[in-house]
Each structure stands twice: as structure tokens, then as C-alpha cells.
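So you can see what is in the structure, the chains are spelled out below.
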Amino acid sequence: KKAKKFSKKPTTLFAARVLAAVARIPKGQTLTYKEVARRAGNPNACRAVGNILNRYGGMDVGVPCHRVIRSDGTTGGYAWGPKKKIAILRKEGAI
């Protein structure tokens, strides 16, 4: 699957906070979309977190969006597909 292009600059303060929170997730650890939303200042905006990561995230901009998972423990979405996300998380020792 071809990787999509990511925008580099967030357009809202909340988006910038989301990207900063995700950038601080250490290798080998994960956070839920809900926890990222809480850390970014809006605990009810977990869907928005997913949309922000889809639009702005990616290791090419220093945002390890693969480290954000769903509250039920499943991996959730990923631009390069769920198998790739699982493989990266396993390699990092997060799952």
C-alpha cells in the first residue's frame, strides 16, 4: 500500500497539542486515543485525535502515530494498514 502524504503544520491549537502528546510516547509504549485527547486538553475528543493523526501524523514528522491504540486494546487505524501497525508495535515491544 502506498504511503499517503502528510501535512506538516497543524492548523489548530488542539491539533498541535495532540501531536505534541503523541510525540512524547516512548518507544515500546502506547496510549489510547482517549488518553491522548485528555492530555491534549479535551477528553471527549478521541475521534478528533484519530482524524488529526491521520492528517498530520507520521514518523516523517516525528509523530509516532502507530503508538496510539483504541481503548478496547485493538490497534485502530493506520495509514499503512493494520498489519503494518501491529508489526511496528511488536518490533518496538509494545504488544
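Our structure is the block above this text.
Visitor: Would you mind going over the pattern of salt bridges with me for this structure?
Guide: It is possible for side chains of opposite charge to pair when their charged atoms get near one another. Taken as a whole and judged by the stated rule, the model has four salt bridges. Across the pair Arg39 and Glu35 runs a salt bridge whose closest N-O atoms are separated by 2.7 Å. Here Arg39 and its partner Glu35 are both found in helix H2 (residues 33-39), four residues apart, which amounts to about one turn of the helix. Between Glu92 and Arg67 there is a salt bridge; the shortest N-O distance is 2.9 Å. In this pair, Glu92 sits in helix H4 (residues 82-92) while Arg67 sits in the loop between helix H3 (46-56) and strand S2 (68-69), placing the two residues 25 residues apart along the sequence. Accessibility classification places Glu92 together with Arg67 in one group, the buried group. Each of Glu35, Arg38 and Arg39 takes part in salt bridges that share partners, so that together they form one network.

Calculation rules
- Residues numbered from 1 in each chain as written.
- Predicted model: local features only at pLDDT ≥ 70, side-chain atom pairs only at ≥ 80, totals over all residues.
- Heavy atoms only, no water.
- Salt bridge = Lys/Arg side-chain N within 4 Å of Asp/Glu carboxyl O.
- Helix = DSSP H or I, 4+ residues; strand = E, 2+ residues; numbered from the N terminus.
- Buried < 20%, exposed > 50% of the residue type's maximum accessible area, 1.4 Å probe, protein only.

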